[in-house]
Every structure is written in C-alpha cells, then in structure tokens.
Amino acid sequence: MPDRRIGLARVLSKLGYCSRSQAFALIRAGKVAVNGRIIRNPESPTDEAKDRVTVDNEPIAASNKIYLMLNKPRGVVTTASDEKGRDTVYSLLPPDLPYLAPVGRLDMASEGLLLLTNDSEWAARITAPESHLDKTYHVQIAAIANDDLLAMLAKGVISQGRLLRAKRASILRGGAKNTWLEITLDEGRNRQIRRIFESLGVEVLRLTRISIGPLQLGDLAKGQSRELTATEKTTMDKHLRKTEN
C-alpha cells in the first residue's frame, strides 16, 4: 500500500486548524503531539487518518469542508498576517470560521473574486498549472487601446525569462485617456497582467478578477463573502475533471 503519511505541519493545515506557517511555529514551540509524543519537526511523517494529533493536549479533528468566495477590495493583502500591519483578507471573514486558506492570490492593489477553503486538495487542483483554468479580469489602463495592443497581449512579452500572454483580450469601453479591457488568462503567473503591461509601458489603474472557471463574482458586494452554493461547487468540480482529462 502507498505511504499515506505527510508532514505534520501539512496535516494541521489540511485539517483546517491553521496555516502551514502557523503550524511550523506551533510544532517548533513544542505544542503539538502525535500519539501522545511531542513532535518538534514540522516535516515529521504523519498519517492524518490514523495518528492522534493534539495541540496543547486538545485533539484536532478535520473541520467540515468550507468553500468561500470573497470580493476582495483593494488595499488588503492575501495573507494570514502581515509584518507591516496592513489589513488582511481574514479581517473581512466571519469570526466563527475554521482556518481557510486562499486559493491562489490577488496582490494588494488588485480586487475581486478570491476563493478560500480548508479543502487543500481542491485548492491544489484549481491552482495546478496543468488545469489551465480560465480566470477573467476587468482591467483599466491609462492608455487608449486598439487592435495592435490586443494583438500584443495575445502574442505576449518576455518577463524574467518567461513568456507571459493573454488567452483572450477585448475592449469593454474607452474614455478620453483610459480603456477598460476584459482579459482572460489560463495560467497563473505572479502578477501576470501587471507584468505584461509594465513590459509594454502601460500603466494599470484598476484590476478586478470577475471569474475563476465557471465561478462568477456576480453582484457580491466589495468586502463581503459567502459560501459557494452546492450547484457552484458541483459545476466547478465537473469543470476541473474536464480540464484534468
């Protein structure tokens, strides 16, 4: 049979108790025991199904799976804590939830649809590069867009040795000095859209993610969150199976 053991810190994270980094700190502080024995190595092999894990002598059991969408505002960071004291997405969540991990990230200046869950396997399927899951953004740029710019977005640019490009790009509306674009990516490079426009010498004024695969931000108010409906979760799972085949 395959070895089902994984690192102890990952077990705490998978069970929805805390983040991986918080688990490392708890373990190194001697607060975590496995089968009655204090473990100080965060990578100690552990079987979440068979081993009894406790924190400060309190047994840890798997939390019910929660799948949440948040309309992230600008100015908050996608981390559990911030060394600079900035607001994090966790300040926007209801206080009675178990630990939820962000599914991917939105940088501080970006806004829109962010998923959070304590189902680490589901999250890994969404963020896996091979899933090629479409993510769509509305982007305001400080330039007048035309067909040449759209062609450059599709062709892509080289940034830090990597080709970055849009899967699709179209003009939503324009003004005298700026344009709103709809841009779809099917890969998740760090700050990909911003890096593309930086390479083209174009300033990004606003960046809002409106969809991840079949999940739509819709009319969810800024700073608000809600659980996915059963239909949304089922639809996403079907979509993931298609992309994985």
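To be clear, the structure that these remarks concern was listed above.
Presented here is a report on the structure given in the accompanying data block. (Residues numbered from 1 in each chain as written. Predicted model: local features only at pLDDT ≥ 70, side-chain atom pairs only at ≥ 80, totals over all residues. Heavy atoms only, no water.)

## Some remarks on the sheet that holds strand E3 (residues 37–38)
Condition: Between any two strands, at least two bridges found by DSSP are needed for them to pair. A run of DSSP states H or I qualifies as a helix once it reaches four residues; a run of E qualifies as a strand once it reaches two. Both are numbered from the N-terminal end.
The sheet built from 4 strands is open, its strands ordered E3-E2-E5-E6 with antiparallel pairing. Looking at the sheet topology across the chains shown, the edges are occupied by E3 and strand E6 (58–59). Alignment of strand E5 (residues 53–55) against E6, held across 2 bridges, turns out to be antiparallel. By the bridge assignment for E6, Val55 is matched with Glu58.

## Focus: the layout of surface pockets
Just so we agree on the cut-off: With a 1 Å grid laid over protein atoms only, a set of points is called a cavity when a 1.4 Å probe fits there but cannot get out and a pocket when it is open yet has protein on both sides within 12 Å along at least five of seven lines; lining residues have an atom within 4 Å of a point. Grid points are joined across faces, edges and corners, and a volume is the space filled by probe spheres set on the points. Each residue gets one label: Ala, Val, Leu, Ile, Met, Phe, Trp, Tyr, Cys and Pro are nonpolar, Asp, Glu, Lys and Arg are charged, and the others, such as Gly, are polar.
Taken as a whole, the largest pocket spans an internal volume of roughly 980 Å³. Gly104, Arg105, Leu106, Gly188 and Asn190 are, among the 42 residues lining the largest pocket, the residues nearest its centre. Residue assignment for the lining of the largest pocket shows that the elements contributing at least two residues are helix H2 (20–28), strand E8 (101–103), helix H3 (120–127), strand E10 (135–141), helix H5 (192–200) and strand E15 (204–212). Take the lining of the largest pocket: its biggest share by element is 4 residues, from H3. Class assignment for the residues of the lining of the largest pocket results in 19 nonpolar, 13 polar and 10 charged. Counted as a void, the second largest pocket has a volume near 280 Å³.

## Observations regarding the pairing of E10
As a reminder, the rule being used: Exposure categories follow from relative accessible area, calculated using a 1.4 Å probe and restricted to protein chains: below 20% of the type maximum is buried, above 50% is exposed, and the middle band is partly exposed.
A large share of E10 lies buried, amounting to 6 of its 7 residues. Where E10 meets strand E14 (residues 179–185), 7 bridges bridge the pair, whose relative direction is antiparallel. Looking at the pairing, Thr136 lines up with Thr184 of E14. Pairing geometry for E10 and E15, over 7 bridges, is antiparallel. Pairing of Val139 across the sheet is with Leu207, part of E15.

## Section: the nonpolar core
Rules: Side-chain atoms within 4.5 Å are what join buried Ala, Val, Leu, Ile, Met, Phe, Trp, Tyr and Cys residues into a set we call a nonpolar core. Here a residue-residue contact requires only that any non-hydrogen atoms of the pair lie within 4.5 Å.
Core analysis: the largest hydrophobic core is formed by 32 residues, its most contacted members being Leu116, Val139, Ile141, Ile183 and Phe197. Secondary structure elements with two or more residues in this core: strand E7 (67–72), strand E9 (111–117), E10, helix H4 (147–155), E14, H5 and E15. When near neighbours in sequence (up to four residues on either side) are disregarded, Ile141 contacts Leu149, Lys177, Asn178, Thr179, Leu181, Phe197, Val202, Glu203 and Leu205.

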